[in-house]
Amino acid sequence: MAFTRKTRREQQLQLYSRERFSLLLLNLEEYYFEQHTANHIQNKGGQNERKIRGSLKICSKSVIFEPDAISQPIIKIPLRDCIKIGKHGENGSNRHFAKTKSGEISLIFSQVYFIKEHNIVAPYKIERGKMEYVFELDVSGKVEDVVETLLQLHRASCLDKLGDQTAMITAILQSRLARTSFDKNRFQSVSEKLHMECKAEMVTPLVTNPGHVCITDTNLYFQPLNGYPKPVVQITLQDVRRIYKRRHGLMPLGLEVFCTEDDLCSDIYLKFYEPQDRDDLYFYIATYLEHHVAERTAESYMLQWQRGHLSNYQYLLHLNNLADRSCNDLSQYPVFPWIISDYCSAELDLSNPGTFRDLSRPVGALNKERLERLLARYQEMPEPKFMYGSHYSSPGYVLFYLVRIAPEYMLCLQNGRFDNADRMFNSIGETWKNCLDGATDFKELIPEFYGDDVSFLVNNLKLDLGKRQGGQMVDDVELPPWARSPEDFLQKSKDALESNYVSEHLHEWIDLIFGYKQKGSDAVGAHNVFHPLTYEGGVDLNSIEDPDEKVAMLTQILEFGQTPKQLFVTPHPRRITPKFKNFSQTYSHNAPMADSPGEESFEDLTEESKTLAWNNIAKLQLHDQHKIHKEAVTGIAVSCNGSSVFTTSQDSTLKMFSKESKMLQRSISFSNMALSSCLLLPGDATVISSSWDNNVYFYSIAFARRQDTLMGHDDAVSKICWHDNRLYSASWDSTVKVWSGVPAEMTCTRRQRFDMLAELEHDVSVDTISLNAASTLLVSGTKEGTVNIWDLTTATMLHQIPCHSGTVCDTAFSPDSRHVLSTGEDGCLNVIDVQTGMLISSMTSDEPQRCFIWDGNSVLSGSQSGELLVWDLLGGKISERIQGHTGAVTCIWMNEQCSSIITGGEDRQIMFWKLQY
């Protein structure tokens, strides 16, 4: 996991540099300003006087001395505990604090911390009582400036009000930044062009480091004010893959840059002092990336996840990323759900629903008795009400889980102490039980529980984490009986996360954390209400004038935890699960889900050939073409054996064309009005055509004559569909009608009577319709850009989605009926989730797409210009443009094996296409 790798990199850097100092030795909200090579003189003037070589570091709230010898502890002296700062030996009779021009600085104080003696990470040792330390700077000429700085910072530390302290330290910091600028000699090339420079802070967990940001035409730079941990951080713009605006302390000041596609750990996280600086830098990098990287949205990831191209783990990582969760910000660390509820059994049964936690409820609502107590308190509480006094994710909870790999972070957060041994992360089962029963414990998990690195479960660093009340030392985390080892625990946790049960219910948890149940009345109904300060927009820090109140509010926000940014405002669609198998031991987070190998049936082979065809759809080649109409072709139908092609046209004719002889065999006219579509009935005996004269015509191929006429509309019939002896007709009269009845045989003397079973009323004219595979659902597209999804079993509208500006040209269900794709005059391709009606993906072309076919992942569309476009919906891009007609492509047909395609166009031609692979 990212945090694990991050801490490991830091440990390696310290190992090679032998530097023990880190920003984690500072207090929260403290800055490291400068360092000076110096000696710590012990027993000054005495017989045992000795000099310890090291580095003196000046920070906003403390002085830190790091000896070169790792056997010696790091010394930290809080400035607020200083009694006197000045020249060694000065009596200070007239002044409490004094300036000096000698090479030695004297600090008299009442408290000192000793840290990392022998380079061992352990709770800080504290020595109290009045004492004096003397430090001798190598460059004596700097002493006066250093003492002046220390006196100034001391005055800030001793101010009564925390807000005044923060304001003074901020003023000192801004003054230092204003006196410096980015060193242009750090540019990688003399030809680089500077585009922008501003002040910012580099954000790492619990600490920030001020400096200067600089962006050129090729690189992004950050130069720390203190030169730590290195003089310049440089990122090549060509390597950038993702960039996100971030909230930092609920303020729109953060920017995170990634040079990888899937890693949660970024290459740099910057916090700006002004939102405009952040936005300007974002705009420049985003403009650069437009030509290199496709932008990803929550909806595009949702589509990939639904269709099995992202695992549950990968999808949750992407949602966390989009919701401002970052491993650089512990108050917004990525949040993952508890999945397993059984930590007692000897064997873990992932086929038993009882093994799993109820994902439709927040942790605080899993225990009914506890929930009743919380609700009773909630009812009596004055506004603003909240159900839970603690959050499900906070810096303390993150480090509770990670203390074994990030002990210095825990010490930083808790003022140099580990937590009480009995409150540590001792046991998986105990932690789950406390989350179920504890009065204030509602925490979820972190990604590490579903990763590959077991180090957070094992005390590899041999840390002394204390002794529990029973006498046992805190060591490795106790695993449940069903886990043979830490590796086995993580593997089974991953298997559980990717199981069918979780795939079917994960959307319910997403609704709580990232979705519509996060806020408002839906959150109240789901028992999912946290403290108002945890929500984005819960407080406007800029409106708080009292500096003390503002600092206290910000501290509470950062330490209490923050609710993720809301990504969805409607119910999240379910995952498409029928083909899913449980993940095997070969599961990888980086690999898409796939069916387990098994016995192949004919159906499997057919599906395999379809998949192969769609994977090669961009290799489509024109095989033949014929101009058989006098106006635009409007419909194509093909006999089962593929030998006869039937087409309709705005020239009012139905044509029958022989694919084998390449000859026109019949031309039939029913009226002088355009025909709009056609289809073949099962058995290939009858062709049905819809007409602008308000009628539907039945033509008998065997008897070569009109067989029947359905006069069912008050305006032009725009599209027809047929399934199981039912006819579905769409019309400009604002209706879709469902008819039953079999057309009369020509040997009968009586015409068949058609009964109307249902009338689906619209507000405006209907231009296109389509059925799902089972004919239980119908989708219609209107003149005003609305897509409607209907339940045919009840003749009721399920969803109405206004998603196009202008006429909807074509619509179709995906093969599994989970999604609808629509195209319009506005050039948009929109993917809609059938279950929720949510618009989950939208792509745009520079011209209308008049018709299309798709397999749920890829689309082949016919454009206004005559090109055929291949769209990669999951990749969010047009992957191929194929030259075709000289006018708009108006209709398209594909055979069941997906190997043969026929298109018709405004150029009056029909074109025959074949896949070459």
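Per an unreviewed UniProt entry, the protein chain goes by Protein FAN isoform X1 and derives from Vulpes vulpes.

A few words now on helix H4 (residues 275-289). Compared with an ideal rise of 1.5 Å per residue, which puts 15 residues at 21 Å, H4 spans 21 Å between its outermost C-alpha atoms and is within 8% of the ideal. Within the span of H4, buried status applies to Arg278, Leu281, Ile285, Ala286 and Leu289. Projected down its long axis, H4 shows its buried positions confined to an angular sector of 130°, all on one face. Buried residues in H4 make contact with strand E8 (194-204), strand E9 (207-216), strand E10 (219-224), strand E12 (242-248), strand E13 (251-258) and strand E14 (268-272).

Taking the UniProt record as the reference, the feature "repeat: WD" (unreviewed entry) is found at residues 710-740, 759-800, 801-842 and 882-917. Between the C-alpha atoms that bound residues 759-800 the distance is 16 Å, and the span itself is 0% helix and 62% strand. Annotated as residues 882-917, this span is 0% helix and 56% strand, and its ends, taken at the C-alpha atoms, are 16 Å apart.

Okay, the sheet that holds strand E15 (residues 620-627) next. Sheets are built from strands that pair by backbone hydrogen bonding, the pairs being arranged parallel or antiparallel. Reading across the sheet, the 4 strands line up as E15-E42-E41-E40 and stay open at both edges, with antiparallel pairing between neighbours. Edge positions in the sheet fall to E15 and strand E40 (889-894), since each has one partner strand and no second. When strand polarity is set aside, the average angle formed by the axes of neighbouring strands in this sheet is 20°. Sheet topology note: the strand E41 (residues 900-905)/strand E42 (residues 909-915) ladder contains 5 bridges and is antiparallel. Each residue of the ladder has a partner; that of Ser900, found in E42, is Lys914.

The next thing to look at is the side chain of His248. Among the structural elements, His248 can be located in strand E12. Discounting residues that sit within four places of it in the chain, His248 has contacts with Val203, Thr208, Tyr269, Lys271 and Asp329.

This part is about the environment of Lys57. The topology assignment puts Lys57 in strand E2 (residues 50-59). Overall, the relative accessible area of 1% leaves Lys57 in the buried class. If sequence neighbours within four positions are ignored, Lys57 has contacts with Glu19, Phe21, Tyr32, Glu34, Gln35, Ser62, Val63, Ile64 and Glu66. In this structure the side chain of Lys57 is engaged in a polar contact, spanning 3.2 Å, whose partner is the side chain of Ser55.

Another point: unusual backbone geometry. Cis geometry is found at the peptide bond from Tyr228 to Pro229, where omega equals 0°. On the secondary structure map, Pro229 appears in the loop between E10 and strand E11 (233-236). A cis amide bond links Glu383 with the next residue in sequence, Pro384, at an omega value of -5°. In this fold, Pro384 is placed in the loop between helix H7 (368-380) and helix H8 (395-402). In this model, Glu29 sits at a positive phi of 65°, which is unusual for a non-glycine residue. Of note, Glu29 is situated in the loop between helix H1 (2-17) and strand E1 (32-42). For Asp324, which is not a glycine, the phi torsion comes out positive at approximately 75°. Taking relative accessible area as the criterion, Asp324 reaches 4% and is therefore assigned buried.

Attention now moves to the packing of aromatic side chains. For the coordinates displayed, the defined rule picks out 36 aromatic pairs. Judged by centre distance (4.8 Å) and plane angle (50°), the ring pair of Tyr388 and Phe442 falls under tilted. With a gap of 54 residues between them, Tyr388 in the loop between H7 and H8 and Phe442 in the loop between helix H10 (428-437) and helix H11 (486-497) connect regions that are remote in the sequence. For the residue pair Tyr388 and Phe442, the accessibility class agrees, reading buried in each case. A ring pair is formed by Phe449 and Phe489, whose centres lie 6.5 Å apart and whose planes are at 75°; its orientation type is edge-to-face. Remark: Phe489 occurs in helix H11 and Phe449 occurs in the loop between H10 and H11; sequence separation between them is 40 residues. What makes Phe489 buried here is its relative accessible area of 2%. By way of ring pairs, the aromatic residues Trp338, Tyr343, Phe400, Tyr401, Phe425, Trp432, Phe449, Phe456, Trp482 and Phe489 are connected into one cluster. In this arrangement the basic side chain of Lys443 is found over the ring face of Tyr397, its NZ or CZ atom lying 5.0 Å from the centre.

Calculation notes
Residues numbered from 1 in each chain as written. Predicted model: local features only at pLDDT ≥ 70, side-chain atom pairs only at ≥ 80, totals over all residues. Heavy atoms only, no water. Helix = DSSP H or I, 4+ residues; strand = E, 2+ residues; numbered from the N terminus. Expected span 1.5 Å × (residues − 1). Buried < 20%, exposed > 50% of the residue type's maximum accessible area, 1.4 Å probe, protein only. Arc of directions from axis to C-beta. Contact = heavy atoms within 4.5 Å. UniProt positions renumbered as here; feature names shortened; annotations may be inferred. Pairing = 2+ DSSP bridges. Axes fitted to C-alpha atoms, helices over the stretch in contact; angles between N-to-C directions. Polar contact = N/O pair within 3.5 Å; in protein donor to acceptor, adjacent residues only side chain to side chain. Phe/Tyr/Trp six-rings, centres within 6.5 Å; stacked < 30°, edge-to-face > 60°. Lys NZ or Arg CZ within 6 Å of the ring centre and 35° of its normal.

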